[in-house]
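Next come the chains, spelled out residue by residue.
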Amino acid sequence: MVDVLLTHSYHLFYDRKQALKMQPYPPLGTLYAAALLRQQGFSVALFDTMLQNPERGFPAALALHRPKIVAIYEDHFNFLSKMCLSRMRQVAYKMVDAARTAGATVVLNGPDSSDHVDEYLHRGAQYVLLGEAEWTLLELARALLHDSREEPEDIPGVTFVRRATNEVFRTASRPVLRDLDTLPLPARDLVDFAPYREAWKASHGFFSLNLVASRGCPYRCNWCSRPIYGDSFHVRSAASVAREMNELRESYGAEHLWFADDIFGLKQRWMTELADAAERNAASIPFKIQSRVNLITVETATALRRSGCTEVWMGVESGSQQILDAMDKGTHVEQVPIARDNLRREGVRACFFLQFGYPGETWEDIEKTIQLVRRTRPDDIGVSVSYPLPGTNFYARIQQELGEKRNWFDSDDLSVMFRGAYTSEFYRALRNALHAEVSAWSAPGYNDVGTKRLQAASLPGQAGGVTHLWDLVQRLEKTCRNPEPTLASCTRAV
């Protein structure tokens with residue numbers, strides 16, 4: 001019997017898009033919570049749903065470990081968990097049922113349970129932890145298992161249903177942890193890395209692992225949900241990050257890393273310190289990050305390359321300044337080509353996150369985004385449509401338009417869940433055409449002679465080539481318009 005069985009509800013093979021990409025990473029947030037519990041004397045076990053079928057594997061894990069507490073600790077370092085996909089919510093509900101049947105106390109933490117506290121509690125969870133929850137879970141475990149003098153209602157960051165009134169009770173908020181170096185490193189020894197390694201090697205030829213250097217983001221894009229850290233931002237010491245990079249390579253055989261930070265390299269000085277530490281400790285290893293175009297200066301690009309960075313994903317979002325301003329993005333279109341050139345000079349891949357369908361966006365705005373992509377030639381793109389999540393200004397302004405569906409089923413859903421300028425069919429066609437064009441630039445035999453025609457760029461599964469896909473976009477632009485779309489003024493931040 002163990003004190004705490006930790007798990008999470010994201011299962012790769014319930015997400016068709018991510019199953020095709022085959023880039024699985026261990027549940028980092030869950031492993032941080034496990035490490036702290038174990039450091040403080042609790043016995044822990046892990047059921048990792050990423051590659052194991054939860055419907056079969058989780059009941060077996062319950063029978064094997066007979067836990068007193070089950071903590072479904074969603075990985076808030078994984079953007080897929082932050083999307084609050086309804087398919088994974090179904091998995092969480094089934095885990096709650098199985099754990100309760102096994103006699104365990106059920107505790108949840110994560111973006112979806114934080115946004116839907118009442119639903120999870122009335123669905124069977126006994127506690128939902130809010131905010132940054134490693135220490136909250138530790139204190140709750142002490143209260144439940146060690147007969148401490150502290151009651152759950154005295155622990156910051158806890159919600160539960162009072163039996164006497166059947167009402168949800170919330171304790172005071174817990175301040176975020178400022179000194180991240182005080183946390184033990186994730187309990188990676190609990191993970192079976194063999195299937196991860198096999199999946200990466202078979203699909204990509206190398207093995208990648210994840211880590212984080214910071215928590216939170218200080219920027220205030222009005223569509224971005226931050227239920228865990230709010231607007232806070234705290235970073236580990238560069239020396240500790242370099243040591244972990246080296247450990248992942250030497251102890252776990254990582255050949256590539258993904259920094260799962262919301263935003264990486266916020267401060268130029270810290271980036272230089274990381275580059276120096278990586279070179280000093282021979283810790284440089286190829287890695288990718290997420291950042292913003294306004295942060296990729298000449299100096300930062302150089303420091304990234306020195307540290308080992310090979311790929312930067314930037315939240316470009318739109319080629320229209322009007323849309324960026326409506327999003328409260330805090331960036332300017334002219335910063336995009338500058339950031340792209342700074343990375344190109346250092347030999348670092350520049351990749352763009354693009355978002356279509358924001359209220360007020362017109363066909364002219366969409367064309368500006370297409371032209372920006374064609375002008376700057378990113379190495380890769382990720383395309384989404386505006387996605388309303390609770391707690392954001394965006395959600396608050398359009399929630400009256402939301403129907404029964406308020407979350408995507410999986411990450412390939414791409415449904416517009418409010419009155420968009422166009423239907424979902426149009427945005428899916430736009431995504432397909434733009435992805436195909438970017439992919440075509442690196443396809444064998446592609447020859448750009450100054451025209452926009454891509455006659456030789458036929459890709460697998462796309463009969464007729466990229467030109468055919470753009471013809472479809474042009475046709476749907478006329479037939480998929482919404483006669484009464486949400487107005488731009490409805491979503492401006494106050």
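Position labels on residues start from 1 in each chain and follow its written sequence. Where local features are concerned, this predicted model is filtered to residues with pLDDT of at least 70; where side-chain atom pairs are given and counted, the filter is 80 or more; whole-chain, interface and lining totals use all residues. With hydrogens and water excluded, all non-hydrogen atoms of the structure serve as input to the side-chain values.

J.: Outline the pairing of strand E12 (residues 287-291), listing residues and values.
T.: Using a 1.4 Å probe on the protein chains alone, a residue whose accessible area is under 20% of its type maximum counts as buried, one over 50% counts as exposed, and one in between counts as partly exposed. In this text, helices come from DSSP runs of H or I with a minimum length of four residues, and strands from runs of E with a minimum of two, each type numbered from the N-terminal end. The element E12 is extensively covered by neighbouring structure, given that 5 of its 5 residues are classed as buried. Side-chain alternation along E12 places Phe287, Ile289 and Ser291 on one buried face and Lys288 and Gln290 on a second face that is also buried. Running through helix H11 (residues 268-280), the crossover from strand E11 (residues 256-259) to the neighbouring parallel element E12 is right-handed. Pairing of E12 with strand E13 (residues 309-317), which is carried by 5 bridges, proceeds in the parallel orientation. By the bridge assignment for E13, Ser291 is matched with Met314. We call a crossover right-handed when, viewed with both strands directed away from the observer, the connection leading from the first strand over the helix to the second proceeds clockwise. Taken together, E12, helix H12 (residues 298-307) and E13 constitute a β-α-β crossover, and its handedness is right-handed. Whether two strands pair depends on DSSP finding at least two bridges between them.

J.: Can you explain the environment of Ala125? Please cite residues and give values.
T.: Examined against the element boundaries, Ala125 turns out to sit in the loop between helix H7 (117-122) and strand E5 (127-129). The class for Ala125 is buried, based on a relative accessible area of 5%. With 30 residues separating them along the chain, Ala125 and Met95 place their C-alpha atoms 9.8 Å apart. Note on contacts: a residue pair qualifies if any of its non-hydrogen atoms lie within 4.5 Å across the two residues. Once residues within four sequence positions are removed from consideration, Ala125 is found in contact with Val96, Val106, Leu108 and Tyr120.

J.: Can you break down the sheet that holds strand E14 (residues 349-356) residue by residue, with the values?
T.: Spatial strand order, E8-E11-E12-E13-E14-E15: 6 strands in an open sheet with parallel pairing. In the strand order of this sheet, the two ends are held by strand E8 (208-211) and strand E15 (380-385), each with one partner. Taken over all neighbouring pairs, the strand axes of this sheet differ in orientation by 20° on average, direction set aside. Strand direction decides the pairing type here: E13 and E14, joined by 6 bridges, are parallel. Note that in E14 the partner of Gly315 across the bridge is Phe353. Axis definition: a line fitted to C-alpha atoms, limited for helices to the stretch in contact. Angles are taken between N-to-C directions and run from 0 to 180 degrees. Of the strands in this sheet, E12 and E13 are in contact with H12, which crosses E13 at around 140°.

J.: How would you summarise helix H8 (residues 134-145) if you had to cite specific residues and measurements?
T.: The periodicity of an α-helix, 3.6 residues per turn, causes residues three or four places apart in sequence to face the same way. In this model, H8 (12 residues) spans 16 Å end to end at C-alpha, consistent with the 16 Å of a helix rising 1.5 Å per residue. Among the residues of H8, those classed as buried are Glu134, Thr136, Leu137, Leu138, Glu139, Leu140, Ala141 and Ala143. A positive backbone phi angle near 55° is found at Asp147, which sits one or two residues after H8. Between the first and last residue of a helix there are one fewer steps than residues, each counted as 1.5 Å, and that sum is the expected span.

J.: I'd like a rundown of the side chain of Ser386, residues and numbers included.
T.: Considering the arrangement of structural elements, one finds Ser386 in the loop between E15 and helix H16 (393-398). Counted as a polar contact is a pair of N or O atoms within 3.5 Å, where, for protein atoms, one must be capable of donating a hydrogen and the other of accepting one, and residues adjacent in sequence contribute only when both atoms are in side chains. Of note is the side chain of Ser386, whose polar atom sits 3.2 Å from the backbone nitrogen of Tyr358. In this structure Ser386 touches Gln355, Phe356, Gly357, Tyr358, Phe394 and Phe418, once residues within four positions along its chain are discounted.

J.: Tell me about helix H3 (residues 54-65), and please be specific about residues and values.
T.: Its 12 residues give H3 an end-to-end C-alpha distance of 15 Å, which sits within 8% of 16 Å, the value for a rise of 1.5 Å per residue. Regarding H3, the residues found buried are Pro54, Gly57, Phe58, Ala61, Leu62 and His65. On an axial view of H3, the arc spanned by its buried residues comes to 140°, and they lie on one face. In H3, the exposed positions angled more than 90 degrees off the buried face are occupied by Arg56, Ala63 and Leu64. On its buried face, H3 is in contact with strand E1 (4-7), strand E2 (44-47), strand E3 (69-73) and helix H5 (86-101). Of the residues flanking the start of H3, the one acting as N-cap is Asn53, its side-chain oxygen 2.9 Å from the backbone nitrogen of Glu55. Remark: Arg66 follows H3 within two positions and exhibits a positive phi of approximately 45°. The arc in question is the one traced by the directions running from the helix axis out to the C-beta atoms.

J.: Tell me about the packing of helix H17 (residues 424-441) against helix H18 (residues 465-479), and name the residues and values.
T.: One way to put it is that H17 packs onto H18 with a least axis distance of 9 Å and a crossing angle of 155°. Overall, the two elements H17 and H18 adopt an arrangement that is roughly antiparallel. Here the hand of the crossing between H17 and H18 comes out left-handed. Here H17 contributes Glu425, Phe426, Ala429, Leu430, Asn432, Ala433, Leu434, Ala436, Glu437 and Ala440 to the contact with H18, which in turn contributes Val466, Leu469, Trp470, Leu472, Val473, Leu476 and Glu477. We call two directions roughly parallel when the angle between them is under 35 degrees, roughly antiparallel when it is over 145, roughly perpendicular when it lies between 65 and 115, and oblique otherwise. Should the near helix be turned counterclockwise from the far one by less than a right angle, the crossing is left-handed, whereas a clockwise turn marks it as right-handed.

J.: Report on the sheet that holds strand E6 (residues 158-162), specifying residues and quantitative values.
T.: In space, the 7 strands of this open sheet follow the order E2-E1-E3-E4-E5-E6-E7, with mixed pairing throughout. Single-partner strands in this sheet number two, and they are E2 and strand E7 (167-170). Neighbour to neighbour, the strand axes of the sheet diverge by 25° on average, direction disregarded. Looking at chain direction, E1 and E2 are connected through 4 bridges and run parallel. Each bridged residue has a counterpart across the sheet, and for Leu5 the counterpart in E2 is Ala45.

In short, the description is geometric, and any link to function would need to be established separately.
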